[in-house]
Amino acid sequence: MARGWIGTPYRHQAARKGAGCDCLGLIRGLWCEWHGSAPEVPPPYGPDWSEIEREELLWQALARHMREVSDAPLTEGQVLLFRMRERRVAKHLGILSRAPENGAAFIHAYERHGVVESPLGAPWARRVVARFEMI
């Protein structure tokens, strides 16, 4: 299902396949495809979302609606949470599209690129701080 989103342009706070989404919108859109509706509506957010408070708001929201599987093997379909900068809150998301034995890759919405599939090589893998399964 996530591959169907590839090519969707990047649009901050959007969640519409083909029209636009950001990384959270991609996961929200996939959730809606699987479950019919979003479990909650996120508050308005900007690039500095929760930086001042240093609260892991995205991590907390994922934990409310998904099962954390960070100790389990990487498997396709897991939602990946990334910390893009050390000592900052985690706030980038993707979904694992290929397991490591098949050349690990993930699908994510990336500013100036839209929804793309990227290899989960060392630069990305070291930023993964948690993994979740949709339930």
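Structure's up top.
For the structure given in this document, a descriptive report is provided here. (Residues numbered from 1 in each chain as written. Predicted model: local features only at pLDDT ≥ 70, side-chain atom pairs only at ≥ 80, totals over all residues. Heavy atoms only, no water.)

## Considerations on the environment of R67
Piece 1. Turning to its location among the elements, R67 is positioned in strand 3 (residues 66-68).
Piece 2. Those residues in contact with R67, other than ones at most four positions away along the chain, are R131, F132, E133 and I135. (Helix = DSSP H or I, 4+ residues; strand = E, 2+ residues; numbered from the N terminus. Contact = heavy atoms within 4.5 Å.)

## Here's the deal with the state of the cysteines
Piece 1. The tally for this structure, following the rule as stated, stands at 0 disulfides.
Piece 2. No disulfide involves C32; its sulfur sits 12 Å from that of C21, the nearest cysteine.
Piece 3. Taking the relative accessible area as the measure of exposure, C32 reaches 29% and is therefore partly exposed. (Disulfide = S-S within 2.5 Å. Buried < 20%, exposed > 50% of the residue type's maximum accessible area, 1.4 Å probe, protein only.)

## A closer look at the nonpolar core
Piece 1. In terms of nonpolar packing, the biggest core is built from 25 residues, with L62, M66, V79, L81 and L93 touching the most fellow members.
Piece 2. For this core, the secondary-structure elements that each account for two or more residues are helix 1 (23-35), helix 2 (57-65), strand 4 (79-82), strand 5 (92-98), strand 6 (105-110) and strand 8 (128-134).
Piece 3. Here M66 is in contact with I27, W31, V79, F132, E133, M134 and I135, once residues within four sequence places are set aside.
Piece 4. Residues L80, L96, F106 and W124 belong to the second largest nonpolar core, which totals 7 residues. (Core = buried A, V, L, I, M, F, W, Y, C linked by side-chain atoms within 4.5 Å.)

## Some points on the sheet that holds strand 3
Piece 1. Strand order in the open sheet made by the 6 strands is 3-8-4-5-6-7, with antiparallel pairing throughout. For this open sheet the edge positions go to strand 3 and strand 7 (114-119), each flanked by a neighbour on one side alone. Pairwise comparison of adjacent strand axes, ignoring direction, gives a mean angle of 35° for this sheet.
Piece 2. Bridging between strand 6 and strand 7 involves 6 bridges; their strand directions are antiparallel. In the strand pairing of strand 7, F106 is matched with S118.
Piece 3. Contacts from helix 1 reach strand 3, strand 4, strand 5, strand 6, strand 7 and strand 8, with the element oriented near 55° to strand 5. (Pairing = 2+ DSSP bridges. Axes fitted to C-alpha atoms, helices over the stretch in contact; angles between N-to-C directions.)

## What to know about the pattern of salt bridges
Piece 1. Summed over all chains, the structure comprises 7 salt bridges.
Piece 2. The partner of R3 in a salt bridge is E117, with the nearest N and O atoms 2.8 Å apart. Placement of the pair is R3 in the segment before strand 1 (15-16) and E117 in strand 7, with a sequence separation of 114 residues.
Piece 3. Relative accessible area serves as the criterion here: at 29%, E117 is assigned to the partly exposed category.
Piece 4. The partner of R67 in a salt bridge is E133, and the shortest N-O contact between them spans 3.2 Å. Placement of R67 in strand 3 and of E133 in strand 8 is noted, with a sequence separation of 66 residues between them.
Piece 5. Classification of R67 as partly exposed rests on a relative accessible area of 44%.
Piece 6. Residue classification places E133 among the partly exposed residues on the basis of a relative accessible area of 24%. (Salt bridge = Lys/Arg side-chain N within 4 Å of Asp/Glu carboxyl O.)

## So, helix 1
Piece 1. In this model, helix 1 (13 residues) spans 18 Å end to end at C-alpha, consistent with the 18 Å of a helix rising 1.5 Å per residue.
Piece 2. One side-chain oxygen of the residue at the start of helix 1 lies 3.3 Å from the amide nitrogen of L24, identifying that residue as D22.
Piece 3. In the stretch just after helix 1, G36 is the one whose phi turns positive, near 100°. (Expected span 1.5 Å × (residues − 1). Polar contact = N/O pair within 3.5 Å; in protein donor to acceptor, adjacent residues only side chain to side chain.)

## A short note on the packing of aromatic side chains
Piece 1. A full pass over the atoms with the stated rule returns 4 aromatic pairs.
Piece 2. For the pair F82 and F106, a centre-to-centre distance of 5.1 Å together with 35° between the ring planes defines the contact as tilted. Residue F82 is located in strand 4, and its partner F106 is located in strand 6; the two are separated by 24 residues in the primary sequence.
Piece 3. Taking 5.1 Å as the distance between ring centres and 70° as the angle between the ring planes, the aromatic pair formed by F106 and W124 counts as edge-to-face. (Phe/Tyr/Trp six-rings, centres within 6.5 Å; stacked < 30°, edge-to-face > 60°.)

All quantities given are derived from atomic positions and should not be read as evidence of function.
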